[in-house]
Amino acid sequence: MIEKLSLAHLDYLATAKETFPDAWDKEMLISGVEKGGLRGFVYSENGKNVGFITFVTSFESADIECIYVNPSHRKKGIAKALFLELLAELKKENVEKILLEVRKSNFSAISLYKSQGFIEISQRKKYYDGDEDA
């Protein structure tokens, strides 16, 4: 089941930091939701949250902030389902451009984005901790 992100989901989103160092911490999430327009969707199975996607919009543009799936639930199509939910929402809102950064080594994410028609427009050198390019 996919539902819209709410403040009630923030504890779950903050747990992503344990296995996904690029994820936002709880204070950033609270601030983003309350003040910065952070939105998203949460995927659950059997009443347990197992993945999420977060984004912000500004006029006709959107930035995807994070796509995360619990390690035990990866390779099951959850990230794609969340991504498709996001694309449907943004289409309803007449968003024309979607931007995101991805680690150069994150081949499964890059494959998902390419399968949905995304193209690389630039590289950000040493964008991530550990000096990895985006």
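Nothing here was measured: the structure is a model prediction, and the numbers come from that model.

*Asks:* Help me out: how do you make sense of the environment of Ile78 in this one?
*Replies:* As for its placement among the helices and strands, Ile78 is situated in helix H3 (residues 78-92). Taking the relative accessible area as the measure of exposure, Ile78 reaches 2% and is therefore buried. When the C-alpha atoms of Ile78 and Tyr43 are compared, they prove to be 7.3 Å apart, with 35 residues separating the residues in sequence. Leave out the neighbours within four places in its chain, and Ile78 touches Tyr43, Glu45, Val50, Val69 and His73.

*Asks:* Got a minute to help me understand the pairing of strand S3 (residues 48-58) in this structure?
*Replies:* Sheet faces and side chains relate simply in a regular strand, where the side chains alternate between the two faces. Across seven bridges, the pairing between strand S2 (residues 39-45) and S3 is antiparallel. Bridging from a neighbouring strand, Glu45 pairs with Lys48 of S3. Counting the residues between successive antiparallel strands, the hairpin from S2 to S3 contains two residues, one of them, Asn46, with a positive phi of roughly 50°. In textbook terms, the turn of a hairpin is the stretch between consecutive antiparallel strands, and for S3 and strand S4 (residues 61-69) this stretch comprises two residues, one of which, Phe59, has a positive phi near 60°.

*Asks:* Honestly, the packing of aromatic side chains in this entry has me stumped. Any pointers?
*Replies:* The geometry of an aromatic ring pair is captured by two quantities: the separation of the ring centres and the angle between the planes. Tallied over the full model, the rule gives six aromatic pairs. On the basis of an interplanar angle of 90° and a centroid distance of 5.9 Å, the ring pair of Tyr12 and Phe52 is categorised as edge-to-face. In this pair, Tyr12 sits in helix H1 (residues 10-15) while Phe52 sits in strand S3, placing the two residues 40 residues apart along the sequence. The exposure classification of Tyr12 matches that of Phe52, with both residues buried. Both rings, one in Phe52 and one in Tyr68, keep their centres 5.6 Å apart while their planes meet at 35°; by these two values the pair is tilted. With Phe52 in strand S3 and Tyr68 in strand S4, this residue pair connects regions lying 16 residues apart in the sequence. Taking relative accessible area as the criterion, Tyr68 reaches 5% and is therefore assigned buried.

What counts, and where the lines are drawn
- Here, residues in each chain are numbered from 1, in the same order as that chain's written sequence.
- Per-residue local features of the predicted model are confined to residues with pLDDT of at least 70, and side-chain atom pairs are confined, for both listing and counting, to 80 or more; whole-chain, interface and lining totals are unaffected and use all residues.
- Water and hydrogen atoms were dropped before computing side-chain values, which therefore reflect all heavy atoms in the structure.
- Secondary structure elements follow DSSP: runs of H or I of four or more residues count as helices, runs of E of two or more count as strands, with numbering from the N terminus.
- Each residue is assigned to one of three classes by its accessible area relative to the maximum for its type, calculated with a 1.4 Å probe on protein chains only: buried under 20%, partly exposed between the two thresholds, exposed over 50%.
- By the convention used here, residues are in contact when the closest approach between their heavy atoms is within 4.5 Å.
- Whether two strands pair comes down to DSSP finding at least two bridges between them.
- Aromatic rings from Phe, Tyr and Trp, with only the six-membered ring used for Trp, were paired whenever their centres fell within 6.5 Å, and each pair was classed as stacked if the ring planes differed by under 30 degrees, edge-to-face if by over 60, and tilted otherwise.

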